[in-house]
Amino acid sequence: MTKGRIILLVLAVAVIAELAAQEHTDTLRTKALPEVEVEARRVIRQGTTDSYFPSKAQRERSANSFSLLGNLHLPGIVVDQVERTLNYTRGGGRVALEINGKPSNIDELLSLPVSRLKKVQLVRVPSVKYGTDVAVVINVVAGRGDSGVGLGLNAMNALTTNYNDDALWFRFNTGVHELGVNYNFKLNGIDKAFTRTDEHINNPTGLMVDRKIDGRFSGGNYRDDLLSLYYTLNRTNRRTIDIRTSLDWDRFPQRAIDATVDDGSSYTMRTLNESDERQLGLKVYYEERFSARNVLNVWLAANAFTNKYQRGFSSPTANKHYDVDGKKQSARLETEFSHTFSPACKLAVGWQQSLAHTSNTYVSLQNTNFNYDDNSQYAFAQASGSLGMLTYSLGLGYGRDAVWQRGKGFEHYAWRPKFYVQYAFNDVWQIDYNLSSTTSLPSLAQMTAYERQDDDQRTTMGNPSLRPFTTYRHWLSLNANKGIFSFMAFGMYEYNHGSIVDMLAITPMGTVQQSWTNDGQYKHLEIGIYCGLNLLGEHLQVYAEPKYVNFISRATLRHNRSNFCLQLGASGWVKKWGFNGYFRTAMESMEGDMLEHRTGTSDVNVNYAFRNVHVKLGWRNLFSCEGPATRKILETTNARYETVQGNLGFANMVYVGLSWSFFKGKQTKRRKESRQVDASFDSGIVK
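Everything numeric in this text was worked out from a predicted model, so none of it was measured.

Here we take up the overall build of the chain. When helices and strands are tallied, the chain shows five helices and 39 strands. For the chain, the proportion of its 687 residues judged to be buried stands at 51%.

Rendered as C-alpha cells:
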C-alpha cells in the first residue's frame, strides 16, 4: 500500500474518532432494519442474516448450545456431534463460529448453557472483514450469565473402537466479572486406519510401471490436551475487556505404516512417524461504545509453537530418516470502528496486521534450516443499509501479503470487493445476489524446497516460486419462508486462473517427484434446492437438499466432472426422548489434475434428557464396510495415482454421549459477551 493511501486511511479514522467523541451523549433509538418474519417467529430474514429462534422443545432436548445447533438444521451446515466439527456443503470455504459477534470455537459452545442462548444468526454473506476463506458465519447470540458458580461435563466416547473426546468446564460469575476454565481431552486409536494406493507410471523408456500398495497403521494413540483460562470484565453498554490464554499439547507417539507392495514382485515398506507439538496462546479483546452510534473494537492475539517431528522410511532399496525441529511465533492485530448514520445505514472501517516467523530445521546426515517471515496488512470498509424492499451491502478491502524464505518469496497486493443485494417481493419470497473475490496463498509446506522421501519410488519437494491466486464467486438464490415450510433454490459459480495445483515429474531413473505449480484453471458450478418442514406441532423436523455439481479443471489435462449429491435429515422428540438422523451421499471436488472423492456418511441416535443430565446413544455409518474414506485420484499426462485413506473404526461405530451441568447462584441482568480473534494457528511445521 502506498504512503498516500496509508495517510488517507489514518485521516479517515481520525475524523471518525472525532465524530465519536462529539456524539458521546447521542441517544439513537434501537431500531432494526426492515425484517421479513415467518409465523411463530422461528426464522427472521434480515438482509444477509437469517435469525433462528429455538423452540422450547428444541432447548429441552439439547445438552448444550452445540447440540442445539444440530437440532436447528441450518441450511448448508453440517453439525457433526461426534467429531465436533462444523462444515459448509455449498462450495468452498469454512464456517466461522462466533458468540455475540466474537470469534469463538466449539469448546466454548459446549460450555455455553442452552438457557443463555437467545437465537442463532446464520450470516449467509460475511462482510469483507472476514478475509479469504470464510464461507458463512454462525453467530450465537447469548444472554448474560447468572451470578454464581457453574461446572459441567461433555463426553463423547465410542463403544466399538478407541475414540474419546471429553471436556470439563468451570466458571465463576459476579455479574461484572467472570472467570472460567475449560479442559478438553482427546485420545484416539489408529490401529483400524488404512491406506491403499494404485500407481500407473510411464517412465522415460516408455515402459508402464504398475504398483499396488496396501498399508496398515500400528503403534501409539493420538492424544491432545487443551487447557484454557479466561477473565472477562463487562461494563454494560460501555466497555468490555476479555483476556484468554491457552496451552495445547498435541502428540502422536511413534506409529508405523506397514505396506505391502505388489509390482510383479512382492516386498514390504515401513514408515515411522512421531510428533510432539506444544502451543501457547494469548488473546486480548477491548470494546469501547462511545455512544449508540459509534463502537470501537480492538483484538490482539499472539501464539508460540514448538514441534518435534521424526520420520523414518525403510524398504529393500531405500532407507532414509530425518527429524524436524520447528518453531513459530505469530501475532495478529485487528481494529474496527463502526458508525450508524441511521437505522437503515451503517458504515464500518478497519485495519488488520499479521506477523509471523517460522524456523524449520531438518536434522539428518546434513542439517538444513528454512526460515520464513510472513507480513500482511489489510484495510477494509463496509457500507450496508436498506431502501424500501431493497437491502444492500457493499464492501471493499485492499491487502498486502508477503512471504520470504532464503531471499525468495512474494509480495502480493490485491483488491477484495464484495457486493450483495436482496429484493423482497413480499413477506414470503426474496431473491439474493452476491459477488465476491478471495485470495489464496501457498502454504509453507508447498513452498519448502526440501526433498522428503514418501516411499522407495516417490519424493515430495516444495516450490518456493509459488504465487497467490484469486477466485471469483457469484451466488444467486430464491428464498421462501412460510409457517412450517422453508425453501431455497440456489446457484453458485466460481472460477480462477493460475491456481496452485499438484504436479508430477518423472526422473530419468523412473522415480516420481511431486511438487506444485501455478498452472491450474478452475470452474465450479452448483445448482440445488433446500426444503425444510416442521411437523406435528414442531415435534418433527425434516429436510432435504439435492444438488448438481460440475467441475471443469485444467492443469496438464482438461477434466470435466459432474455428480449429484443428496442430503436428508430428521429430528423429533416425545416427552423426554428425542432422535436425530441424517444421510449424505458421496461428494467430490477437483483442483487441477486432482480429484477428491469423499464417501457418503450417515448417523442415527436417540437421546434422553433428565433434569441436567443428557444421554445419547448413536450408530454411525450403518451397514458400511470401510466407514468414511477419502479417495484422491491424480491423473496427468504421464502418471495416474489413486490413493484411498480411511478408518475402519468409523464403520458401524456405536457411540455414547453424556452431558451434565451444575449451577448454584442467582439470576442477574443480561450482558453482552466479549469478542476475540485468533492469530495464525498454522504451526507451519513441514512434515
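Turning our eyes to something else, we now look at helix H3 (residues 65-72). Taking burial as the measure, the eight residues of H3 include eight buried ones, the bulk of the element. Those residues of H3 that fall on the buried side of the exposure criterion are Ser65, Phe66, Ser67, Leu68, Leu69, Gly70, Asn71 and Leu72. Between the side-chain oxygen of the N-cap and the backbone nitrogen of phenylalanine 66 there are 3.1 Å, and the N-cap of H3 in question is asparagine 64. Where H3 ends, the next residue or the one after it, histidine 73, has phi of about 55 degrees, a positive value.

One recurring pattern in soluble globular proteins is that nonpolar side chains are buried together. Phe66, Leu69, Leu74, Ile77, Leu86, Leu109 and Ile138 are the most contacted members of the largest nonpolar core, which has 34 residues in total. Residues contacting leucine 69, with those up to four places away along its chain left out, are Leu74, Val79, Leu86, Leu109, Val120 and Ile138. By size, the runner-up hydrophobic cluster in this structure holds eleven residues, among which are Tyr362, Tyr372, Val403 and Met447.

A surface patch of nonpolar side chains, amounting to about 660 Å² of accessible area, comprises Phe170, Phe172, Leu179, Val181, Leu227, Leu229, Leu247 and Leu280. Elements with a minimum of two residues in the nonpolar patch: strand S11 (163-173), strand S12 (177-188) and strand S15 (222-235). Considering the arrangement of structural elements, one finds phenylalanine 172 in strand S11.

On inspection of all chains with the given rule, the structure shows six cavities of 30 Å³ or more. Taken as a whole, the second largest cavity spans an internal volume of roughly 580 Å³. What lines the second largest cavity is a set of 41 residues, among which Ser67, Gly70, Val79, Gln81 and Lys616 lie closest to the centre. The element contributing the most residues to the lining of the second largest cavity is H3, with five residues. Grouping the amino acids of the lining of the second largest cavity by side-chain chemistry returns 17 nonpolar, 17 polar and seven charged.

This brings us to the environment of alanine 167. By secondary structure assignment, the location of alanine 167 is in strand S11. Separated by twelve residues in sequence, alanine 167 and alanine 155 have C-alpha atoms that sit 6.2 Å apart. In this view, alanine 167 contacts Gly152, Leu153, Asn154, Tyr183 and Asn184; residues no more than four positions away in its chain are not counted.

Turning our attention to the pairing of strand S6 (residues 94-99). In terms of burial, S6 is a largely internal element, five of the six residues being buried. Sheet topology note: the S6/strand S7 (residues 102-103) ladder contains two bridges and is antiparallel. Its bridge partner lying in S7, glutamate 98 is registered against proline 103. Linkage of S6 to S7, two consecutive antiparallel strands, is achieved through a turn of two residues, within which asparagine 100 is found at a positive phi near 55 degrees.

Position of arginine 61 relative to the elements: it lies in the loop between helix H2 (56-60) and H3. On the accessibility criterion, arginine 61 (14% relative accessible area) is buried. Note: C-alpha distance between arginine 61 and tryptophan 577 (516 residues apart in sequence) is 7.7 Å. In this structure, arginine 61 is in contact with Asn71, Trp573, Lys575, Lys576, Trp577, Asn607 and His614, ignoring residues within four places of it in sequence. For arginine 61, the side chain forms a polar contact with the side chain of glutamate 60, separated by 3.4 Å.

As paired elements, strand S13 (residues 193-202) and strand S38 (residues 639-647) share nine bridges and run antiparallel to each other. Paired with histidine 200 across the two strands is arginine 640, which belongs to S38. Relative to S38, strand S37 (residues 629-635) runs antiparallel, the two sharing seven bridges. Directly across from glutamate 635, in S38, lies its bridge partner arginine 640.

Considering all chains together, one arrives at 21 aromatic pairs under this definition. Residues tyrosine 285 and tryptophan 299 carry aromatic rings whose centres are separated by 6.2 Å and whose planes lie at 35 degrees to one another, so their mutual orientation is tilted. Taken together, the residues span a long stretch of sequence, with tyrosine 285 in strand S17 (residues 266-289) and tryptophan 299 in strand S18 (residues 294-314) at a distance of 14 residues. Judged by relative accessible area, tyrosine 285 falls into the buried class, the value being 2%. Ring geometry for tryptophan 475 against phenylalanine 490: centres 5.4 Å apart, planes inclined by 10 degrees, an arrangement best described as stacked.

As a further point, take the side chain of arginine 473. Relative to the helices and strands, arginine 473 is located in strand S27 (residues 469-482). Classification of arginine 473 by relative accessible area gives buried; the value is 18%. There is a polar contact of 3.1 Å between the side chain of arginine 473 and the side chain of glutamate 494.

What follows is about the pattern of salt bridges. Tallied over the entire structure, the rule returns 35 salt bridges. We note a salt bridge from arginine 223 to aspartate 225, for which the minimum N-O separation is 2.8 Å.

A few words now on unusual backbone geometry. If you check the backbone angles, histidine 73 has positive phi at about 55 degrees while not being a glycine. Along the chain, histidine 73 turns up in the loop between H3 and strand S4 (77-80). Positive phi, close to 55 degrees, is recorded for asparagine 621, a residue that is not glycine. Within the secondary structure, asparagine 621 is located in the loop between strand S36 (613-620) and S37. Relative accessible area serves as the criterion here: at 3%, asparagine 621 is assigned to the buried category.

Here the second largest pocket defines a volume of roughly 610 Å³. Around the second largest pocket sit 34 residues that line it, and Pro113, Val114, Ser115, Asn612 and Ser661 are the ones nearest its centre. Put simply, the parts of the chain that give the lining of the second largest pocket at least two residues each are H2, strand S10 (147-158), S11 and strand S39 (653-666). In the lining of the second largest pocket, the residues fall into twelve nonpolar, 14 polar and eight charged.

Moving on: the confidence of the model for the chain. On average, residues of the chain score 84 in pLDDT, and 90% of them reach the 70 mark or higher. Every residue in residues 1-40 scores below 50 in pLDDT, and together they form 59 contacts with partners more than four places removed in sequence or on other chains. Counting interchain partners and residues more than four positions distant, the pLDDT-below-50 stretch residues 668-687 has 103 contacts.

Cut-offs used in this document
Residues numbered from 1 in each chain as written. Predicted model: local features only at pLDDT ≥ 70, side-chain atom pairs only at ≥ 80, totals over all residues. Heavy atoms only, no water. Helix = DSSP H or I, 4+ residues; strand = E, 2+ residues; numbered from the N terminus. Buried < 20%, exposed > 50% of the residue type's maximum accessible area, 1.4 Å probe, protein only. Polar contact = N/O pair within 3.5 Å; in protein donor to acceptor, adjacent residues only side chain to side chain. Core = buried A, V, L, I, M, F, W, Y, C linked by side-chain atoms within 4.5 Å. Contact = heavy atoms within 4.5 Å. Patch = residues over 30% accessible without salt bridge, like charges linked within 9 Å, V, L, I, M, F, W, Y side chains within 5 Å. Areas by Shrake-Rupley, 256 points an atom, 1.4 Å probe, with all protein chains shown as cover. Salt bridge = Lys/Arg side-chain N within 4 Å of Asp/Glu carboxyl O. 1 Å grid on protein atoms, 1.4 Å probe; cavity = no way out; pocket = protein on both sides within 12 Å on 5 of 7 lines; lining within 4 Å. Points joined across faces, edges and corners; volume = space filled by probe spheres on them. Nonpolar A, V, L, I, M, F, W, Y, C, P; charged D, E, K, R; others polar. Pairing = 2+ DSSP bridges. Phe/Tyr/Trp six-rings, centres within 6.5 Å; stacked < 30°, edge-to-face > 60°. pLDDT = per-residue confidence, 0-100.

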